[in-house]
Each structure stands twice: as structure tokens, then as C-alpha cells.
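Fold and geometry: a report
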Amino acid sequence: MRQRAFALALLLVLAGAATAADYSGPLFDAHLHYNVEAFDGQAGPHPPADVLARMKRNGVRAIVANSRPNDGSRVLAASPLTRAAGVTVVPFVRLYRDRADYDNWFRDESIYAMVLAELARGTAAGPYRGIGEFHLYDSANANGPVARKLMLLAEQKQLAVLAHVDDAAIDLLMANTPSQGRQLRLIWAHTGIGGPAPARVDQLFARYPLLMGELSYRPGLTCEGGKLCPEWRELLLKYPERFVIGSDTWVNQRWADYDRLMQGYRAWLGDLPPAVAHRIAWDNGARLFGVVEK
Ligand SMILES: [Zn+2]
């Protein structure tokens, strides 16, 4: 009996320690989609009140919003509910009007025209601050005519780029900018789709000073008990100013999982020195877009 009481006490202490170690500060969700199937002009399963409640209860104070089509981002940017929830919207122009655009945007001139029209139009939360997310399933398409024009536009207008691409495509996209990538603010979605080794990520970070890594779905990031794997902990500590977190709500299931996703981040952020955790959770995104913590 005494033994069982002792075991129970120990369990409570351990549980308490685990909770206490989680990161508890603000989060900047740097990879968020508010797609048509989520809100559907408010008739979908996740109207603005729903997604904003999820952000609020998870301490998400700012988001990079990009949506297929762009109406979703504009709805969030304009909603009084967004202001009431204390969420700052940083809008990006999504390159997709529908699913067919995923495989064709890099050579489709009508996408370029759509981007220019959106940039001219802006949102209720201010001008668009970036382009993306876009995908390249074949890295060679980074050299498509519209992909080239968009990288030039991004650097000239100082728009950030959110790209779901492999490591080879990072080099190709960067090569298509006037500065050879030295002045392009590229947020690498998932820090590489195929999970390039930390050494390769390190090499690209060293080569491109404004390259940032977003960490949703990142293979190899977390190990036992949702804590950071040693190689990744080392990389985050080497580049504390180059990583951001994101939900990647690309399907409605990710909205359903939003609490768990954010809690997962808080758990491994707790493995890091508090100042580093705060940078990755909030400062890096906030600094990139001049968002002030409210
Ligand atoms: Zn995404």
C-alpha cells in the first residue's frame, strides 16, 4: 500500500515536472491555411469563430494566413472576431485558386496576373506580405517561367516566400533572384519535404542568410515522448533565429487536431533554453513581419 502511494506520488511529481517544462509563451503560427472546405463562406465546419477560438485557447497571437482561394485569408483579415481574439493576421497570396493549380502554377501566366491583382487589392489587415504556400513536386519546375517571375517579384517587393519544396529546389529558386538568394526571405515549409539531413539544412542556412525553416511535419524532429531528437536540438541551438512553427491546416483534420499540434510544439519547445524557445515560438515570425506582441 505504502509502495503504491509512493509510486502515485512519484507519478504526480513527474507529470507536474513535464507540464511545468512546457513552453508557455505566445505562438506565431507561420503556416496556416484557411481553405474553402474549412469555412465555405461561413457554412463550413470551421467558421471564423471556431478557428479563432482554437488559436486563442492555444496562445496563438499571430498567423501567416494563406488560403485556397485567397478569400479565406481576406475573411480572417477583415473579421472583427480576429481583432477580438487578439490575433494578428499576416496575409500571403496563395498561388492556388483550386487544386488544379498545384501542378501548373509555375508555368501559368494567369497565376502571375492573379498574384499582381491580389497584391494591388490587399486585405483589411494591410498589404500582403508574402507569396505561397506553393509546392514543387519536381524541383526542376523551379525554373518554370512563372516561378522565375515570382521569385524576381518577391525579392523586388520584399515579399516573403512560403515554399513546400525539396533541398534541390531551394538552390534553384534562390538562383532565380537578382541577389542569388542572399536577399530572398524564403520560409521553407517543413524544412524540406523529403526530410533532408540536418547537415544539408545547415549547409543551406549557411549559404542563404534569410532562409527560414518551418517545422510542421518535419521528419526526424521529435523522438521519444515528443521531445527533440539530439541532432535537431543541436541545429535549433545553432540557428535559433532561423526557425518558426506552423500548423499547416491543409485539410480539416488539421483544424480538428489544432490543440494537439500546438501542445506538441509546446512540449518540445520546453526542451530548449527559454530564450531560444521564445524565439522559435514567436520572435522569429514577429520580427520578420514587424508584429508587436500584445
Ligand atoms: Zn501547407
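None of these values were measured; they are calculated from a predicted model.

**With respect to the packing of aromatic side chains**
For the coordinates displayed, the defined rule picks out 13 aromatic pairs. With a centroid separation of 5.7 Å and 70 degrees between ring planes, the pair formed by phenylalanine 92 and phenylalanine 289 is classed as edge-to-face. In this pair, phenylalanine 92 is assigned in strand E3 (residues 88-93) and phenylalanine 289 in helix H13 (residues 274-289), connecting sequence segments 197 residues apart. Note on accessibility: phenylalanine 92 and phenylalanine 289 belong to one class, buried. Ring centres of tryptophan 105 and phenylalanine 106 lie 5.7 Å apart, and the angle between their planes is 80 degrees; this geometry places the pair in the edge-to-face category. On the basis of relative accessibility, which here comes to 0%, the residue tryptophan 105 falls in the buried class. Site record: aromatic cluster; members linked through ring pairs are Phe28, Phe92, Trp282 and Phe289. If you follow lysine 149 out to its NZ or CZ, it ends over the ring of tyrosine 112, 4.3 Å from the centre.

**Considerations on the packing of helix H8 (residues 167-175) against helix H9 (residues 198-207)**
Packing of H8 against H9 leaves a shortest axis separation of 11 Å and a crossing angle of 10 degrees. With respect to H9, the element H8 is oriented roughly parallel. On the side of H8, the interface is formed by Asp167, Ala168, Ile170 and Asp171, while H9 contributes Arg200, Leu204 and Arg207.

**Structural notes on H9**
An α-helix turns once per 3.6 residues; consequently, residues spaced three or four apart project the same way. Within H9 the residues assigned to the buried category are Pro198, Val201, Asp202, Leu204 and Phe205. Each buried residue of H9 lies within a common arc of 165 degrees when the element is viewed along its axis, so the set occupies one face. Among the exposed residues of H9, those pointing more than 90 degrees away from its buried face are Ala199 and Ala206. Residues of H9 that are buried in the fold lie against H8, strand E6 (186-188), strand E7 (212-214), helix H10 (230-238) and strand E8 (243-244).

**Points about the side chain of arginine 218**
With respect to the element layout, arginine 218 can be found in the loop between E7 and H10. Although arginine 218 lies buried, it forms no salt bridge, and the closest oppositely charged side chain, glutamate 231, sits 8.2 Å away as judged by the N-O distance. Leave out the neighbours within four places in its chain, and arginine 218 touches His190, Thr191, Gly192, Gly195, Pro196, Val201 and Trp232.

**A word on the sheet that holds E6**
With respect to topology, eight strands assemble into an open sheet ordered E1-E2-E3-E4-E5-E6-E7-E8, the strand pairing being parallel. The strands lining the two open edges of the sheet, one partner per strand, are strand E1 (27-33) and E8. Summarising the sheet, strand E5 (residues 160-164) and E6 pair through three bridges and their orientation is parallel. Bridged to alanine 163 within E6 is tryptophan 188. Of the strands in this sheet, strand E4 (130-135), E5 and E6 are in contact with H8, which crosses E6 at around 170 degrees.

Conventions adopted
- Residues numbered from 1 in each chain as written.
- Predicted model: local features only at pLDDT ≥ 70, side-chain atom pairs only at ≥ 80, totals over all residues.
- Heavy atoms only, no water.
- Phe/Tyr/Trp six-rings, centres within 6.5 Å; stacked < 30°, edge-to-face > 60°.
- Helix = DSSP H or I, 4+ residues; strand = E, 2+ residues; numbered from the N terminus.
- Buried < 20%, exposed > 50% of the residue type's maximum accessible area, 1.4 Å probe, protein only.
- Lys NZ or Arg CZ within 6 Å of the ring centre and 35° of its normal.
- Axes fitted to C-alpha atoms, helices over the stretch in contact; angles between N-to-C directions.
- Parallel < 35°, antiparallel > 145°, perpendicular 65-115°, else oblique.
- Contact = heavy atoms within 4.5 Å.
- Arc of directions from axis to C-beta.
- Lys, Arg positive; Asp, Glu negative; His and termini not counted.
- Salt bridge = Lys/Arg side-chain N within 4 Å of Asp/Glu carboxyl O.
- Pairing = 2+ DSSP bridges.

Any link to function would need more than the numbers given here.
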